[in-house]
Amino acid sequence: MSKKNFTALFTGLGALCLLGVMILAATGAKGGKTYTNPVLVETVVIQRAEPDNFSGLLGIGDPAVLFHEGKYYLYPTGDNHGYNVYISTDLVNWEKGPRVFQSAEPGVWAPDVFFNELDRKFYLYYTVNGRIGAAVCDRPDGVFIDSGTLIANAIDAHMFQDQDSKCYLYYVEYPGFRIHVQPMESPLQKKGSPVPVIQATDPWETKQAALTEAPWMLKHRNVYYLLYSASGADTQDYAIGYATAKSPLGPFTKHTGNPIIKKGGNIFGPGHCSVTKTRDGQLWMVYHQQKNGSRGWNRIICLDPLWFDDQGNLHGKATRAISRPAPFIPAKI
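Residues numbered from 1 in each chain as written. Predicted model: local features only at pLDDT ≥ 70, side-chain atom pairs only at ≥ 80, totals over all residues. Heavy atoms only, no water.

This part covers the sheet that holds strand E20 (residues 253-254). Across the sheet, which stays open at both edges, the four strands sit in the order E17-E18-E19-E20 with antiparallel pairing between neighbours. For this open sheet the edge positions go to strand E17 (212-220) and E20, each flanked by a neighbour on one side alone. (Pairing = 2+ DSSP bridges. Helix = DSSP H or I, 4+ residues; strand = E, 2+ residues; numbered from the N terminus.)

So, in structure tokens, the structure goes:
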């Protein structure tokens with residue numbers, strides 16, 4: 001090969017390589033990006049007498065995640081008096097945002113935030129002192145204005161809107177820890193009576209305490225998948241399972257392979273998950289783990305994928321301190 005031809009070939013290959021890099025950048029290809037759990041750690045010291053007595057170190061947990069206009073918004077249990085929002089563009093790197101809700105009472109737990117396409121408003125379903133209420137805002141990082149109590153003696157609300165725009169509020173009876181669903185006329189108005197759907201009956205659900213909590217609904221191929229957590233929430237045996245139904249009101253059948261997310265190795269007490277999706281269709285579970293095997297509330301926020309197999313079974317695996325492919329977040333063009 002002549003020197004002239006070699007130079008032309010080399011120049012052409014270089015141009016192709018440059019083009020490839022430009023395409024990868026434009027399409028947001030993963031390009032080898034990785035992450036490791038935990039993705040968010042923050043602790044506070046709290047003292048509360050109601051609704052149950054606890055004094056000590058609490059790591060933020062019970063995360064609810066919302067995707068809106070290119071950003072992810074994370075709302076966790078925090079300092080027992082209110083909620084801050086955490087904001088991310090990639091599900092991995094989180095920045096603490098403003099205070100979005102504050103209560104004069106203690107026992108502020110496990111929030112959920114729902115965006116209603118019909119009125120373009122955001123609805124925060126809060127737990128305060130053992131009851132569920134709702135608050136409303138025009139933006140996901142603004143101050144939510146309280147609209148009052150929706151359900152007494154309840155915790156862990158989750159709003160699900162079906163494809164026909166009908167809404168269903170899942171929650172946990174407190175005490176009792178049975179999951180119910182309340183049909184909704186609107187995000188703030190109940191319709192009819194609540195329906196009990198899940199309670200602790202299986203050995204993994206009763207190992208440390210007989211409870212089911214932290215409901216989160218997915219729909220896949222016209223089947224409703226109700227994710228939930230069970231066993232003692234402050235123990236390493238806390239875990240995640242699911243049940244399926246042909247209707248959001250049930251009846252629900254528990255998956256025979258429960259729990260699908262559980263302790264093992266350096267994983268302790270994985271539970272209370274929320275689920276979001278990236279543009280490539282991948283489901284991502286945002287949840288908490290216990291920091292170690294000790295009993296308590298020292299939790300860390302983690303991120304791992306979920307997926308369905310060809311038979312419709314839902315799978316996932318909790319990880320920690322292991323490098324994994326990061327979520328696919330396309331670059332802006």
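When glycine is set aside, most residues are seen to have a negative phi, and most peptide bonds are trans. A cis amide bond, omega -5°, links Tyr-174 with the succeeding residue Pro-175. Turning to its location among the elements, Pro-175 is positioned in the loop between strand E13 (167-173) and strand E14 (179-186). Residue Pro-251 follows Gly-250 across a cis peptide bond; omega there is 5°. If you trace the backbone, Pro-251 turns up in the loop between strand E19 (239-245) and E20. A positive phi angle is found at Leu-91, which is not glycine, with a value near 70°. Looking at the secondary structure, you find Leu-91 in the loop between strand E6 (82-88) and strand E7 (95-102). A positive phi angle, near 75°, is found at Ser-165, a position not held by glycine. Tracing the chain through its elements places Ser-165 in the loop between strand E12 (154-161) and E13. Residue class for Ser-165 comes out partly exposed when judged on its relative accessible area of 37%. (Buried < 20%, exposed > 50% of the residue type's maximum accessible area, 1.4 Å probe, protein only.)

Looking now at the nonpolar core. Counting residues in hydrophobic clusters, the biggest one holds 24 residues, and the most contacted among them are Tyr-170, Ile-198, Leu-226 and Phe-252. Looking at which element gives the most residues to this core, the answer is strand E18 (residues 223-230), with four residues. By size, the runner-up hydrophobic cluster in this structure holds 19 residues, among which are Ile-267, Ile-300, Cys-302 and Leu-314. (Core = buried A, V, L, I, M, F, W, Y, C linked by side-chain atoms within 4.5 Å.)

The next subject is the environment of Glu-69. Note that Glu-69 resides in the loop between strand E4 (61-68) and strand E5 (71-77). Placed 20 residues apart in sequence, Glu-69 and Thr-89 show a C-alpha to C-alpha distance of 10.0 Å.

Right, let's get into the pattern of salt bridges. In this structure the tally under the stated criterion is 15 salt bridges. Glu-205 is the salt-bridge partner of Lys-254, the closest N and O atoms lying 2.9 Å from each other. Remark: Glu-205 occurs in the loop between strand E16 (195-198) and E17 and Lys-254 occurs in strand E20; sequence separation between them is 49 residues. Comparing Lys-254 with Glu-205, the two get one shared label, buried. A cluster of three or more residues bridged by salt bridges with shared partners is formed by Glu-69, Glu-117 and Arg-120. (Salt bridge = Lys/Arg side-chain N within 4 Å of Asp/Glu carboxyl O.)

The element E12 is largely enclosed, with a buried count of seven among its eight residues. By the bridge criterion, six bridges tie E12 to E13 in an arrangement that is antiparallel. Following the sheet pairing, Ile-155 is matched in E13 by Val-172. A loop of five residues connects E12 with E13, the two strands running antiparallel in sequence, and Ser-165 in this loop sits at a positive phi of about 75°.

All right, on to the side chain of His-158 then. Looking at the element boundaries, His-158 is found in strand E12. A distance of 3.2 Å separates a polar side-chain atom of His-158 from the backbone nitrogen of Met-217. Beyond its immediate sequence surroundings of up to four residues, His-158 is in contact with Asp-112, Tyr-168, Leu-169, Tyr-170, Pro-215, Trp-216 and Met-217. (Polar contact = N/O pair within 3.5 Å; in protein donor to acceptor, adjacent residues only side chain to side chain. Contact = heavy atoms within 4.5 Å.)

Our next topic: the environment of Cys-137. Inspection of the secondary structure puts Cys-137 in strand E10 (residues 131-137). Assessed through its relative accessible area of 9%, Cys-137 is described here as buried. Sequence-wise, Cys-137 and Leu-124 are 13 residues apart; in three dimensions their C-alpha atoms are separated by 8.1 Å. If we skip the residues at most four places from it in the chain, Cys-137 touches Lys-121, Phe-122, Gly-142, Val-143 and Phe-144.

Right, let's get into the packing of aromatic side chains. This structure, assessed with the given rule, holds eleven aromatic pairs. Between the aromatic rings of Phe-101 and Tyr-126, the centroid separation amounts to 4.7 Å while the plane-to-plane angle is 20°, which identifies the pairing as stacked. A residue pair is termed long-range when its members are at least 10 positions apart, and Phe-101 in strand E7 and Tyr-126 in strand E9 (residues 121-128) qualify at 25 residues. Using a relative accessible area of 5% as the deciding quantity, one classes Phe-101 as buried. Relative accessible area serves as the criterion here: at 2%, Tyr-126 is assigned to the buried category. Measuring from centroid to centroid gives 4.6 Å for Phe-115 and Phe-122, while their planes differ by 35°, and the two rings are tilted. The buried category is assigned to Phe-122, whose relative accessible area is 2%. Here a set of aromatic residues connected by ring pairs shows up, and it is made of Tyr-83, Phe-101 and Tyr-126. (Phe/Tyr/Trp six-rings, centres within 6.5 Å; stacked < 30°, edge-to-face > 60°.)

Glancing now at the sheet that holds strand E11 (residues 145-151). Across a sheet, strands are paired by hydrogen bonds formed along the backbone, either parallel or antiparallel in direction. Reading across the sheet, the four strands line up as E8-E9-E10-E11 and stay open at both edges, with antiparallel pairing between neighbours. Every other strand in the sheet has two partners, leaving strand E8 (108-116) and E11 as the edge strands with one partner each. Pairs of neighbouring strands in the sheet enclose a mean axial angle of 25°, with direction left out of account. Here E10 pairs with E11 via five bridges, running antiparallel. Within E11, the position partnered with Gly-133 by the bridge is Thr-149. (Axes fitted to C-alpha atoms, helices over the stretch in contact; angles between N-to-C directions.)

Spatial relationships are all this shows, so hold off on functional conclusions.
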